[in-house]
Amino acid sequence: FTLSFREQPIFSTRAHVFQIDPNTKKNWVPTSKHAVTVSYFYDSTRNVYRIISLDGSKAIINSTITPNMTFTKTSQKFGQWADSRANTVYGLGFSSEHHLSKFAEKFQEFKEAARLAKEKSHEKMELTSTPSQESAGGDIQSPLTPESINGTDDERATPEVTQNSEPRAEPTQNALPFTHSSTISKHWEAELATLKGNNAKLTAALLESTANVKQWKQQLAAYQEEAERLHKRVTELECVSSQANAVHTHKTELNQTIQELESTLKKKEEEIEGLKQEIDNARELQAQRDSLTQKLQEVEIRNKDLEGQLADLEQRLEKSQNEQEAFRNNLKTLLEILDGKIFELTELRDNLAKLIECS
């Protein structure tokens, strides 16, 4: 997978990437472990729009937009489209409904641009093929139909999306602090480890992007110097040359070269803007990592407090059990004394009864 020099990113967002299961054609299979950058690329030479997403060095989306494609919103945060050339269906899970709507708007916009570019190319083909067809006297070939380029309607049929197509499930909020505190700690530790790995990758990409920016700045400076030299050369030729037609032709060629250089400069500036956006994304991820680290520390402090409370409760329970045991022993002693008193009262009653009978 390669990107040509003439392809430039024109819109980027972040989403979780899925592909339809090739066996069942119903269930979604995640192709990225976390949210990745999904970008629209435009090839100005061929008038082609592509959706591209990279996970490291692997291309998990490489889809050329055609007029027959349709982007469908299946939920508030999930959308999909079918690519008959790749013989698959792509799905994207966004973090908010706004990002989904923005991606869908861009898809419709670039799809319409692809349709207009295709119509223009067909008109050019018809204009160029008309003289040769008339001279040959043969039958005119029918132009390519949209179905022959992007598959039939049956091939473009979108499979049903199951209820499991949501990109990520929100964790439950009813967990007990005593039993799940260790689980929460492990979860945050895993998230922190993942963010550290992503941070290392982004740092390497940032260093590489910085080096590329420096190189492109040098190229921009060289192009600017070349443009100034050409402008000076045009002025010298206009002053020195006596052949007006030759000077005019040469001037036209130089102006065309200058326009090409200015176009190249503009593309380089767009690439620099894209790199700046990637740097901002890296800084945002760094801030998220710091936030998660702070949350992890708070969870650890909370766990220590809970452990102290648990130890205090155990001490209270043991003290209460000791008090109950002492109370039971006192009750047993009182019962024994009471039994003795009852026995003495019984004997006293019997003696009184005997005295009454004798008297």
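Residues numbered from 1 in each chain as written. Predicted model: local features only at pLDDT ≥ 70, side-chain atom pairs only at ≥ 80, totals over all residues. Heavy atoms only, no water.

With an unreviewed UniProt entry as reference, the chain is termed Homer protein homolog 1, source organism Dryobates pubescens. According to its UniProt record, the chain has this under Sequence similarities (unreviewed entry): "Belongs to the Homer family." (UniProt positions renumbered as here; feature names shortened; annotations may be inferred.)

In this section: the overall build of the chain. Looking only at helices and strands, the chain features 4 helices and 8 strands. Listing the helices and strands of the chain from first to last along the sequence gives β-β-β-β-β-β-β-β-α-α-α-α. Within the span of the chain, comprising 359 residues, buried residues form 26% of the whole. Summarising the internal contacts of the chain: among those between residues at least 6 apart in sequence, 61% fall at separations of at least 24. (Helix = DSSP H or I, 4+ residues; strand = E, 2+ residues; numbered from the N terminus. Buried < 20%, exposed > 50% of the residue type's maximum accessible area, 1.4 Å probe, protein only. Contact = heavy atoms within 4.5 Å.)

With that settled, consider the nonpolar core. In this structure, Y40, I51, I61, W81, L92 and F103 are the most contacted members of the largest nonpolar core, which totals 23 residues. Mapped by element, the contributors of at least two residues to this core are β1 (7-20), β3 (36-43), β4 (48-55), β5 (58-64), β8 (88-93) and α1 (97-136). For this core, the leading source of residues is α1, giving 6 residues. Within the second largest apolar cluster, 6 residues are counted, among which are F18, W28, F78 and A82. (Core = buried A, V, L, I, M, F, W, Y, C linked by side-chain atoms within 4.5 Å.)

This brings us to the confidence of the model for the chain. The predicted model of the chain has a mean per-residue pLDDT of 79, with 78% of residues at 70 or higher. Within the model, pLDDT remains below 50 along residues 131-180, and this stretch shows 53 contacts once partners closer than five positions in the same chain are excluded. (pLDDT = per-residue confidence, 0-100.)

Before going further, it helps to examine the environment of E262. Within the secondary structure, E262 is located in helix α4 (residues 244-358). Judged by relative accessible area, which is 46%, E262 ranks as partly exposed. When the C-alpha atoms of E262 and Y223 are compared, they prove to be 8.4 Å apart, with 39 residues separating the residues in sequence.

With that settled, consider the pattern of salt bridges. Under the counting rule described, the total for this entry stands at 9 salt bridges. Across the salt bridge formed by D43 and R46, the nearest N and O atoms sit 3.0 Å from each other. The class for D43 is buried, based on a relative accessible area of 0%. The class of R46 is partly exposed, set by a relative accessible area of 49%. Across the salt bridge formed by E273 and K276, the nearest N and O atoms sit 4.0 Å from each other. With E273 and K276 both in helix α4 and 3 residues apart, the pair spans about one turn of that helix. (Salt bridge = Lys/Arg side-chain N within 4 Å of Asp/Glu carboxyl O.)

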